[in-house]
Amino acid sequence: MWDDLRCFVSSVETGSFTETARQLNLSVATVSRRLEKLESALGLRLLNRRITGVELTAEGKIIYGNLAGPAEKFFQVERIAATLRDGVNLEPVVISSTEPIISEILGPRLANFLTSNAELRLTLSVSTANVSLSKREADIAIRLNRPEHDNLMIKRLPSFKQGLYASDAYLNGRDPSTLNFQNENFLGMDNSFGAIPEAEWFSKYGLAHQVVLKSSSVRTLCTATLGGCGISMVPKFIAERLGLIEIPSPPVPMRTPYMVFHRDLRKVKRIVLARNWIVECFEQTLGKY
């Protein structure tokens, strides 16, 4: 571990893997591997990698602070790391996901979670983009497409059903089973999420030209549906809460979310607590749908 710690200290002091490699007469790739090895051994993320260089994480600051001074302090690092892994109040756990997951699945269960984990702090970030976990733009991401990355840990979460839904105001007494889709207005997601299954469904059934409103917000689509703007394809667990009426249709795509976090954070207590809570939220919300 001595050589790995030397690389860590030098990287902190120079702010650069390149300069560390020059000072220690190593390649940049070797410096990077030694830092990853050290973080893996300690079960902590010590450095955030940026385009402009590296910077210490909250845990990294404490580890680095205990490396200054007598050489025997180097042998305390594993004990300090164990303490940090068990701590929960160093900095907030940043969870990034889409609006309906945060507001409809996680949001309703926040109070009990925070009450049971009084020292924990959370940041819930709504984003339509795939944030970078390696750059610590988030600690945990919940995505609707399975990512591929060697340093990421991935857990599949329960899938959720979707359907076509309308309001009484839009149907105006019409029987939902008799609708001719070519004569109806539809509401759908915009291209913020790329080529998603919902958009492909509308194209497959020749209804893309019938979509009169697009949005990156499921909540906006639901509000517009309640207001009588048209028929939307939205998650079943949200539509039924709102009292929307399901419209018979060809099978619509189910969506499968994935919880993703960096391998270096898998043993950190506050991340473990948040991960377990997320799984529980999905199971409790989607279990009856």
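For the structure itself, look to the data block above.
A few points on the structure. What you see is a predicted model; the values in this text were computed from it and never measured.

Criteria and cut-off values
- Residues numbered from 1 in each chain as written.
- Predicted model: local features only at pLDDT ≥ 70, side-chain atom pairs only at ≥ 80, totals over all residues.
- Heavy atoms only, no water.
- Core = buried A, V, L, I, M, F, W, Y, C linked by side-chain atoms within 4.5 Å.
- Buried < 20%, exposed > 50% of the residue type's maximum accessible area, 1.4 Å probe, protein only.
- Helix = DSSP H or I, 4+ residues; strand = E, 2+ residues; numbered from the N terminus.
- Contact = heavy atoms within 4.5 Å.
- Phe/Tyr/Trp six-rings, centres within 6.5 Å; stacked < 30°, edge-to-face > 60°.
- Lys NZ or Arg CZ within 6 Å of the ring centre and 35° of its normal.
- Pairing = 2+ DSSP bridges.
- Axes fitted to C-alpha atoms, helices over the stretch in contact; angles between N-to-C directions.
- Arc of directions from axis to C-beta.
- Polar contact = N/O pair within 3.5 Å; in protein donor to acceptor, adjacent residues only side chain to side chain.

Now for the nonpolar core. Of all hydrophobic cores here, the largest spans 53 residues; its most connected members are Phe8, Ile95, Leu106, Ile140 and Ile278. Per-element accounting of this core gives the leading share, 8 residues, to helix H12 (residues 269-286). The contact partners of phenylalanine 8, leaving out residues within four places of it in the chain, are Leu35, Leu38, Leu46, Leu47, Leu56, Gly60, Ile63, Tyr64 and Leu67.

This paragraph deals with the packing of aromatic side chains. Centre-to-centre distance and the angle between the planes together describe a pair of aromatic rings. Evaluated as defined, the whole model comprises 7 aromatic pairs. Taking the centre distance of 6.0 Å and the plane angle of 80° together, the rings of phenylalanine 160 and phenylalanine 237 count as edge-to-face. Note that phenylalanine 160 is positioned in the loop between strand S6 (152-156) and strand S7 (162-166) and phenylalanine 237 in helix H11 (residues 236-241), a separation of 77 residues in sequence. Among the residues examined, phenylalanine 160 registers a relative accessible area of 7% and is labelled buried. Classification of phenylalanine 237 as buried rests on a relative accessible area of 2%. What links up through ring pairs into an aromatic cluster is the set Phe181, Phe186, Trp201, Phe202 and Tyr205. Above the plane of the ring of tyrosine 170 lies arginine 174, whose end atom (NZ or CZ) is 5.3 Å from the centre. Across the ring face of phenylalanine 261, the terminal group of arginine 275 is positioned such that the distance to the ring centre comes to 4.1 Å.

This part is about the sheet that holds strand S5 (residues 140-143). Within a sheet, neighbouring strands are paired by backbone hydrogen bonds and run either parallel or antiparallel to one another. Strand order in this open sheet of 5 strands is S4-S3-S5-S12-S6, and the pairing throughout is mixed. Every interior strand has two partners, whereas the edge strands, strand S4 (122-126) and S6, have only one. When the angles between neighbouring strand axes are averaged without regard to direction, this sheet yields 20°. Judged from the 4 bridges that link them, S5 and strand S12 (residues 258-262) form a sheet pairing that is antiparallel. Paired with isoleucine 140 across the two strands is phenylalanine 261, which belongs to S12.

Within helix H2 (residues 17-24) the residues assigned to the buried category are Phe17, Thr20 and Ala21. Looking straight down H2, one finds that the buried residues subtend no more than 100° of arc, so they occupy a single side. Facing away from the buried surface of H2 by more than 90 degrees, the exposed residues are Thr18 and Arg22. On the buried face of H2, the contacting elements are helix H1 (2-14), helix H3 (28-42), strand S1 (47-50) and strand S2 (53-56). Among the residues of H2, the N-terminal cap falls to serine 16, whose side-chain oxygen and the backbone nitrogen of threonine 18 are separated by 3.1 Å. Asparagine 25 sits one or two positions beyond H2 and adopts a positive phi of about 60°.

Position of tryptophan 2 relative to the elements: it lies in helix H1. Tryptophan 2 gets classed as partly exposed once you look at its relative accessible area, which sits at 48%. Considered as a pair, tryptophan 2 and glutamate 119 are 117 residues apart in the sequence and their alpha carbons are 34 Å apart.

Let's shift gears to the sheet that holds strand S10 (residues 231-235). In space, the 5 strands of this open sheet follow the order S9-S8-S10-S7-S11, with mixed pairing throughout. With partners counted over all chains shown, the strands left at the sheet margins are strand S9 (211-215) and strand S11 (245-247), one partner each. The sheet shows a mean angle of 45° between the axes of neighbouring strands, direction not considered. As paired strands, strand S8 (residues 186-189) and S10 are joined by 2 bridges and run parallel to one another. In the sheet register, phenylalanine 186 faces S10, and the bridge partner there is isoleucine 231. Running over the sheet, helix H9 (residues 197-204) touches S7, S8, S9 and S10 and is turned about 145° from S10.

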